[in-house]
Amino acid sequence: MKQSRNVSLQRFNTFGVPATASRVAQLSRVEDLARCTFMPGRDLVLGGGSNLLLTGDIEGTVFLNRMAGMRLLEDSHEGALVECASGELWHSMVLWSLAHGLCGLENLSLIPGLVGAAPIQNIGAYGVELSDVLVSVRCWDWLAGKPVEFTAEDCRLGYRTSRFKTDDANRFLVTSIRMNLARRFQPRLEYAGIEEQLGAMGVSEVTADLVSRAVIALRKRKLPDPALVGNAGSFFKNPAVTADLADTLKADFPTLPAYPAGDGRYKLSAAWMIDHCGWKGHRAGDAGVSDQHALVLVNHGTASGRELLELARRVAASVQDRFGVALEPEPVIVGAPWQESPDS
Ligand SMILES: Cc1cc2nc3c(=O)[nH]c(=O)nc-3n(C[C@H](O)[C@H](O)[C@H](O)COP(=O)(O)OP(=O)(O)OC[C@H]3O[C@@H](n4cnc5c(N)ncnc54)[C@H](O)[C@@H]3O)c2cc1C
């Protein structure tokens, strides 16, 4: 296991904020884990760094995940059981599955980050979530010091959440995942923009490959590229509210998008509310709200994690004041609570 001391994490997080790790250990084999200890709050597991905000230095060890390997465990005319190690790039795995004639991941093309983080927040895009194909997740249990396997149901996956992000945050390191992928293509084109994009590409017969290409084109057009301007994709989740509150808000703000979210609740567009509060394109020093997409916070250059967190809290407070709705961050905030305590 390769280890280094006093490592800058700036190029290891897509916000590009400065932070230093006292120690970095590169994990390339599950067996390495038996020799490691992990203390929540001190140490950190890092994938592609595309869904976290570092608000300070890491006093302990950052475990950089480099575990590699993808394989077909079972294969038939109907589909395949695929296993992928957690250190593989998610998008490379999507392309690998398509190259093997397997369908189900095309709508999840070009999501940044590594495979191991996918179950942490049940990644989703364009009407599809990991939970649609996930079979099981293998982990290392830091507390018990041994491997453990969870079925997809055990993972308690929800909208951008799972047991790994809530009750069991920092207890498990995901080492691999298994997914069931189909040979027969079942298009999921209902989500905004896919059909139009396929039309613009002159597609007459839709295939999984072409949907993947359409999603890639849409994402490149709609989201700021972290290689050009630091960001972690959507910073806020779309909040789910009671039907009563959704009705009241729709009466006051008829153009506010609201969709049924199950359990009689409605999911509201966080982007619409943030835009309506005038934040799109706002800048406080180098911390800003993207002028391309109101849900995306951006680092224009030298913003710190603390400055971005401060801006995010101000955005959320104004949405709370105006609409009475609490926004929650989608990325994991490392080193600070989301809500400031009254005496801090
Ligand atoms: C431009 C852009 C667009 C995005 N679009 C989407 C989108 O459409 N849909 C979506 O869902 N997300 C999206 N994201 C967010 C992000 O890409 C995903 O959440 C991705 O799965 C994060 O992977 P990562 O490896 O970068 O995780 P990291 O940021 O490295 O880690 C995120 C969290 O998971 C933990 N973690 C990482 N790996 C492991 C592991 N192996 N075991 C245990 N814990 C682990 C970390 O400790 C941290 O708490 C986007 C981000 C960007 C920058």
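Visitor: How should I be thinking about the side chain of Asp 32 in this particular structure?
Guide: Turning to its location among the elements, Asp 32 is positioned in the loop between strand E2 (20-27) and strand E3 (44-46). Classification of Asp 32 by relative accessible area gives buried; the value is 2%. Excluding anything up to four places from it in sequence, Asp 32 contacts Met 1, Gln 26 and Leu 27.

Visitor: What is the right way to read the pattern of salt bridges from this model?
Guide: Should the charged atoms of two oppositely charged side chains come close, the side chains can pair. Counted according to the given criterion, the structure contains 17 salt bridges. We note a salt bridge from Asp 32 to Arg 35, for which the minimum N-O separation is 3.4 Å. In this structure, Asp 43 and Arg 42 form a salt bridge, with 2.7 Å as the shortest nitrogen-oxygen distance. On the basis of relative accessibility, which here comes to 5%, the residue Asp 43 falls in the buried class. A relative accessible area of 33% places Arg 42 in the partly exposed class. Because the salt bridges share partners, they merge into one network encompassing Arg 29, Glu 31, Asp 32 and Arg 35.

Visitor: What's the story with the domain arrangement of the chain in this structure? I'm lost.
Guide: How big an interface is tends to be stated in terms of accessible area lost as the parts join. Each domain of the chain was delimited in the assignment, giving domain 1 (2-65), domain 2 (70-222) and domain 3 (230-334). Domain 1 and domain 2 are separated by 24 Å when their C-alpha centres are compared. Buried surface at the junction of domain 1 and domain 2, both sides included, amounts to about 1100 Å², of which 70% is carbon and sulfur. Summed over the three residues of domain 1 that lose the most area to domain 2, namely Leu 33, Phe 38 and Asn 65, the buried surface amounts to 43% of that side. Linking domain 1 with domain 2 are 0 salt bridges, by the criterion used here. At the boundary of domain 1 with domain 2, the tally comes to 2 residue pairs in polar contact (both at pLDDT 80 or more). Considering only residue class, the side of domain 1 that touches domain 2 consists of 9 nonpolar, 6 polar and no charged.

Visitor: Any chance you could explain the site of the ligand here in plain terms?
Guide: The ligand sits among 34 residues. The nearest are Val 45, Gly 47, Gly 48, Ser 50 and Arg 219. Separating a nitrogen atom of the ligand from a backbone N or O atom of Val 174 is a distance of 2.8 Å. Protein chains bury 93% of the 970 Å² of accessible surface belonging to the ligand in isolation. Taken together, the elements giving at least two residues each to the shell around the ligand come down to E3, strand E8 (124-125), strand E12 (172-182) and strand E13 (230-234). Taken together, the residues that form the shell around the ligand break down as 18 nonpolar, 13 polar and 3 charged.

Visitor: Would you mind going over the pairing of E2 with me for this structure?
Guide: Residues in a regular strand project their side chains so that they alternate between the two faces of the sheet. Pairing between strand E1 (residues 2-8) and E2: 6 bridges, direction antiparallel. Among the inter-strand pairings, Val 7 is bridged to a residue of E2, identified as Ala 21. Note that E2 and strand E5 (residues 58-65) share 6 bridges and pair parallel. Bridge assignment links Gln 26 to a residue of E5, and that residue is Leu 64.

Visitor: What is the right way to look at the sheet that holds strand E19 (residues 296-299) in this model?
Guide: Within a beta sheet, neighbouring strands are joined by backbone hydrogen bonds and run either parallel or antiparallel to one another. Taken together, the 4 strands give an open sheet; going across it, the order is E13-E19-E18-E17, and neighbouring strands pair in antiparallel fashion. Each edge of the sheet is formed by a strand with only one pairing partner; in this case those strands are E13 and strand E17 (283-284). With 3 bridges connecting them, E13 and E19 associate as antiparallel partners. Paired with Asn 231 across the strands is Val 298, a residue of E19.

Visitor: Any chance you could explain the nonpolar core here in plain terms?
Guide: Soluble globular proteins tend to bury their nonpolar side chains together. By size, the foremost hydrophobic cluster in this structure holds 51 residues, and its most contacted members are Leu 9, Leu 54, Phe 235, Phe 236, Met 273 and Ile 274. Looking at this core, the element that brings in the most residues is helix H6 (residues 305-323), giving 8 residues. In this structure, this core is formed jointly by two domains, domain 1 (2-65) and domain 3 (230-334), each of which donates at least three residues. Excluding its chain neighbours within four sequence positions, the residues that come into contact with Ile 274 are Phe 236, Trp 279, Ala 294, Leu 295, Val 315, Val 319 and Leu 327. Grouped together as the second largest cluster of nonpolar side chains are 42 residues, Trp 90, Leu 108, Val 115 and Val 137 included.

Rules behind the numbers
- Residues numbered from 1 in each chain as written.
- Predicted model: local features only at pLDDT ≥ 70, side-chain atom pairs only at ≥ 80, totals over all residues.
- Heavy atoms only, no water.
- Helix = DSSP H or I, 4+ residues; strand = E, 2+ residues; numbered from the N terminus.
- Buried < 20%, exposed > 50% of the residue type's maximum accessible area, 1.4 Å probe, protein only.
- Contact = heavy atoms within 4.5 Å.
- Salt bridge = Lys/Arg side-chain N within 4 Å of Asp/Glu carboxyl O.
- Domains from an automatic or database assignment.
- Buried area = accessible area lost by both parts, 1.4 Å probe.
- Polar contact = N/O pair within 3.5 Å; in protein donor to acceptor, adjacent residues only side chain to side chain.
- Nonpolar A, V, L, I, M, F, W, Y, C, P; charged D, E, K, R; others polar.
- Near = heavy atom within 4 Å.
- Areas by Shrake-Rupley, 256 points an atom, 1.4 Å probe, with all protein chains shown as cover.
- Pairing = 2+ DSSP bridges.
- Core = buried A, V, L, I, M, F, W, Y, C linked by side-chain atoms within 4.5 Å.

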